[in-house]
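# Observations on the model geometry
Next come the chains, spelled out residue by residue.
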Amino acid sequence: MKSSVLRNTVSVLATVVFLSGCSFTEEALWPSVVGEGTPEDGVTAGAPVVPDTVTPGVSGLPLLGSTVFEAPGVTPGQPTGTHVGKKVEELRSDLSRLQARLIHHNTTLQTQRNNARSSAGTYHSIIAAMNTRLQIGTTPGNPQMVNSWNQAQQELEHVGTSITSLNSLANEAGSTSALAAFVLDSARATYELRGALDEDHLQLAVLEDEANQTVVILDRLMNELTEDVARTQNYFSAERSNLTALQVAVDNGEFIGSSLSSRTFGVPVPPPPSGGAGLVGRQPPLAIIRFDQPNVNYEQALFTAVSQTLERRSNAAFDLVTVAPARGNSAEIALATSKSRKYGEDVLRSLTKLGLPASHVTLSSTSNPGAQVPEVHVYVR
């Protein structure tokens, strides 16, 4: 029993990585570095797959704007008793309401920025502590880690709520911008009215300048608000992928790394015309995962192999092929094929949880009389 446990423990020796029920080969990346594993080790020809050294740290907080948008104010005027003078008074009242809305928009914007920053800061503090704990190593599915993950998810959802509020604010600011344009156009049109005094035009000129300033400030608010929404959405999307990848790490009790979704992916190479199943026995796989026990912990090694591949080829894609043992009667073969397919779907879900786009991975099935247990082969294209 003890020797079996030792044989299924992760170790790195020369050019071969031994993993419980899982063997990896990177001949597709380094064809000149090849070794032979023994049948009892269950290791095919392979090159070193050493986990990345990752230092836990805090990702960048969402880069939000810092401008405070202040209304320029409205200069009071004196009634002149003319029709134009009354029109100027009405426009001055409209401008005051407009600037009151600008002040409200600014207050809401600063509040939402502070909320997003606060939630993001708390989120990253939790994530940093979790990554440190995972680097040291902990038990799979540790309840304390699960609780921390749930807290991190809640804080990230608060950031998502800020996005909704910022989008609502953008709609409100759009309506205010339309009102600002109306006030400015009305002020300019008032110059054309007959029966004005010189004092009417002087007060109208002051009002027009203040309306112009208000429009400029409002436009800047809307531009910065649009940038805030875009940046916060990108941040939220990236961190949600990282949080999903962290869930896999918590399940395994060991640090895996940031989500693959943070990488820049090239256009994937098209899959083989006959599907990935035709590659079995013809092309060396990047990895062979053998499911020779109920729980095979393969995510860390699989993540490392896929991550290293993408570092060298951003347009790399991956074909998963489930290989079922072709032994026994037709019912036994069908059962083995179904079980192998389920394992393949599990591996596919693991890759998508770790951030690999669905467009960069395929899944197909085959059977092989030489297979002793269900296997999932991972090929690079």
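Residues numbered from 1 in each chain as written. Predicted model: local features only at pLDDT ≥ 70, side-chain atom pairs only at ≥ 80, totals over all residues. Heavy atoms only, no water.

This brings us to the overall build of the protein chain. Helices and strands together make up the secondary structure of the protein chain, namely six helices and seven strands. The N-to-C order of helical and strand elements in the protein chain reads α-β-β-β-α-α-α-β-α-β-α-β-β. Burial analysis of the protein chain (381 residues in total) assigns 43% to the buried set. By sequence separation, contacts in the protein chain at least 24 residues apart represent 82% of the contacts at least 6 residues apart. (Helix = DSSP H or I, 4+ residues; strand = E, 2+ residues; numbered from the N terminus. Buried < 20%, exposed > 50% of the residue type's maximum accessible area, 1.4 Å probe, protein only. Contact = heavy atoms within 4.5 Å.)

Taken as a whole, this structure holds ten salt bridges when the rule is applied. Here D319 and R381 are joined by a salt bridge, their closest N and O atoms 2.8 Å apart. Within this pair, whereas D319 is found in strand β5 (residues 318-325), its partner R381 is found in the segment after β7 (375-380), the two being separated by 62 residues in sequence. You can call D319 buried: its relative accessible area is 0%. With relative accessibility at 12%, the residue R381 sits in the buried group. (Salt bridge = Lys/Arg side-chain N within 4 Å of Asp/Glu carboxyl O.)

This next bit is on the packing of aromatic side chains. Tallied over the full model, the rule gives two aromatic pairs. Residues F291 and Y298 carry aromatic rings whose centres are separated by 5.9 Å and whose planes lie at 75 degrees to one another, so their mutual orientation is edge-to-face. Exposure class is identical for F291 and Y298. Each is buried. With 4.1 Å between their ring centres and 5 degrees between their planes, F291 and Y343 make a pair best called stacked. On the criterion of sequence distance, the pair formed by F291 in the loop between β4 (287-290) and α5 (299-312) and Y343 in helix α6 (residues 330-353) is long-range, its members being 52 residues apart. Accessibility expressed as a relative area gives 7% for F291, which makes it buried. (Phe/Tyr/Trp six-rings, centres within 6.5 Å; stacked < 30°, edge-to-face > 60°.)

A few words on the side chain of E299. Mapped onto the fold, E299 is located in helix α5. We note that E299 is buried and unpaired, the nearest opposite charge coming from K353 at a distance of 7.2 Å. Within polar-contact distance, the side chain of E299 engages the side chain of N252 at 3.3 Å. Apart from residues no more than four positions distant in its own chain, E299 is found in contact with V248, N252, I256, S350 and L354. (Lys, Arg positive; Asp, Glu negative; His and termini not counted. Polar contact = N/O pair within 3.5 Å; in protein donor to acceptor, adjacent residues only side chain to side chain.)

A few words on the nonpolar core. Looking at soluble globular proteins, one finds that nonpolar side chains tend to be buried together. Counting residues in each nonpolar core, the largest one holds 47 residues, and the members touching the most others are L246 and F318. For L246, the residues in contact, after removing those within four places along its chain, are I127, M130, N131, L134 and W149. Counting residues in each nonpolar core, the second largest holds 23 residues, with L95, L184, L218 and L225 among its members. (Core = buried A, V, L, I, M, F, W, Y, C linked by side-chain atoms within 4.5 Å.)

This part is about the environment of G253. Secondary-structure assignment places G253 in the loop between α4 (198-252) and β4. You can call G253 buried: its relative accessible area is 4%. In this structure, the C-alpha to C-alpha distance between G253 and G137, residues 116 residues apart in sequence, is 6.1 Å. Non-local contacts of G253, meaning those with residues more than four positions away in its chain, are made with L134, G137, T138, T139 and P140.

Interaxial distance between helix α2 (residues 83-136) and helix α3 (residues 143-190) falls to 8 Å at its minimum, and their mutual angle equals 165 degrees. On the basis of their axis angle, the class for α2 and α3 is roughly antiparallel. You can see that α2 and α3 cross each other, and the crossing is left-handed. Broken down by class, the residue content of the contact of α2 with α3 amounts to 23 nonpolar, 17 polar and six charged. (Axes fitted to C-alpha atoms, helices over the stretch in contact; angles between N-to-C directions. Parallel < 35°, antiparallel > 145°, perpendicular 65-115°, else oblique. Left-handed = near helix turned anticlockwise from the far one by under 90°. Nonpolar A, V, L, I, M, F, W, Y, C, P; charged D, E, K, R; others polar.)

Here we take up the environment of I333. Locating I333 in the fold gives a position in helix α6. When the C-alpha positions of I333 and S367 are compared, they lie 8.5 Å apart, and in sequence the two are 34 residues distant. I333 has contacts with A326, R327 and G328, leaving out every residue within four places of it along the chain.

What follows is about the pairing of β4. Here β4 shows no split at all, with A287 and I289 on one side and I288 and R290 on the other all buried. Taken together, the four bridges between β4 and β7 define a ladder with antiparallel strand orientation. Paired with I288 across the strands is H377, a residue of β7. (Pairing = 2+ DSSP bridges.)

In this model, the protein chain carries a mean pLDDT of 82, and residues with pLDDT of at least 70 account for 84%. For the stretch residues 1-59, pLDDT sits under 50, and the model shows 121 contacts to residues farther than four places along the chain or on other chains. (pLDDT = per-residue confidence, 0-100.)

Moving on: the pairing of β5. Judged by how many residues are buried, β5 sits mostly within the fold: eight of eight residues are covered. Side chains F318, L320, T322 and A324 project from β5 onto one buried face, and the interleaved D319, V321, V323 and P325 project onto a second face that is buried too. One ladder, built from eight bridges, connects β5 with strand β6 (residues 361-368); its direction is parallel. Its bridge partner being in β6, P325 is matched across the sheet by N368. Tracing the backbone out of β5, into α6 and back to the parallel element β6 gives a crossover that is right-handed. Sheet topology places β5 next to β7; six bridges connect them, and they run antiparallel. Paired with T322 across the two strands is V376, which belongs to β7. (Right-handed = clockwise from strand over helix to strand, strands pointing away.)

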